[in-house]
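Analysis of the macromolecular model
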Amino acid sequence: MTEAWEPLWQAAKQSAQHRLFFKGLILLAAAGVKIREGKRVAAARHATRAAGLFRQVVRVPGGLFEKPLGMTPAALAEHAQAIVACPVVLREPKPAQPEPVFDFILAPVSESV
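Because the structure is a prediction, the values reported are computed rather than measured.

Section: the overall build of the protein
Per the secondary structure count, the protein includes five helices and zero strands. Taken over 113 residues, the protein has a buried fraction of 33%. Intrachain contacts of the protein at a sequence separation of at least 6 include 64% that bridge at least 24 residues. For the protein, the exposed surface amounts to about 7,200 Å²; the carbon and sulfur share of it is 59%.

What follows is the structure in structure tokens.
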């Protein structure tokens, strides 16, 4: 999943806040990969770095990231930090049904009509 965020991170050259945010998403996705690989120390390292970046983005006024992702950077920082505090232990996946690593989904907030 890290590959999905990298083009956005590279395209955000003009906005330091966007670059920080996308780098945080890349690191959080990398933490998920490390969790799947059973590499807890590497997962914690990536998650800690992601949480720090999300905390920097929290200071951005206007809720720039909440609507497209359905979650605030502060909430993402909390989720990332939770990986360090309570490491995720995955069960053996069923064929073609991998178990989710995170207990949240990033999705746009839909507007009520």
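Text resumes after the structure shown.
Describing the nonpolar core
One finds F21, L25, L28, A50, F54 and L76 to be the most contacted residues of the largest nonpolar core, which totals 24 residues. At the level of elements, helix 2 (16-36), helix 3 (40-57) and helix 5 (73-85) are the ones that each hand at least two residues to this core. Ranked by the residues each element gives to this core, the list is headed by helix 2, at eight residues.

Observations concerning helix 5
Relative to the 18 Å expected for 13 residues at 1.5 Å per residue, helix 5 spans 18 Å between its end C-alpha atoms, a close match to the ideal helical length. When helix 5 is considered as a whole, its buried residues turn out to be P73, L76, A77, A80 and I83. The buried residues of helix 5 occupy an angular sector of 110° when projected down its axis, which confines them to one face. Turned more than 90 degrees away from the buried face of helix 5, the exposed residues are E78 and A85. Of the surrounding elements, those touching the buried residues of helix 5 are helix 2, helix 3 and helix 4 (66-69).

Some remarks on the packing of aromatic side chains
Scanning the entire structure with this criterion turns up three aromatic pairs. Taken together, the ring pairs connect F21, F22 and F54 into an aromatic cluster.

Quick notes on the environment of V89
In this structure, V89 sits in the segment after helix 5. Overall, V89 belongs to the exposed group, its relative accessible area being 57%. Taking the C-alpha atoms as reference points, V89 and V101, separated by twelve residues in sequence, lie 8.5 Å from one another.

Side note on the side chain of H46
With respect to the element layout, H46 can be found in helix 3. The contact partners of H46, leaving out residues within four places of it in the chain, are L27, A30, A31 and K34.

Considerations on the environment of C86
Considering the arrangement of structural elements, one finds C86 in the segment after helix 5. On the basis of relative accessible area, C86 is assigned to the exposed category, the value being 56%. Linking C86 and A44, residues 42 residues apart in sequence, is a C-alpha distance of 9.8 Å.

What counts and what doesn't
Residues numbered from 1 in each chain as written. Predicted model: local features only at pLDDT ≥ 70, side-chain atom pairs only at ≥ 80, totals over all residues. Heavy atoms only, no water. Helix = DSSP H or I, 4+ residues; strand = E, 2+ residues; numbered from the N terminus. Buried < 20%, exposed > 50% of the residue type's maximum accessible area, 1.4 Å probe, protein only. Contact = heavy atoms within 4.5 Å. Areas by Shrake-Rupley, 256 points an atom, 1.4 Å probe, with all protein chains shown as cover. Core = buried A, V, L, I, M, F, W, Y, C linked by side-chain atoms within 4.5 Å. Expected span 1.5 Å × (residues − 1). Arc of directions from axis to C-beta. Phe/Tyr/Trp six-rings, centres within 6.5 Å; stacked < 30°, edge-to-face > 60°.

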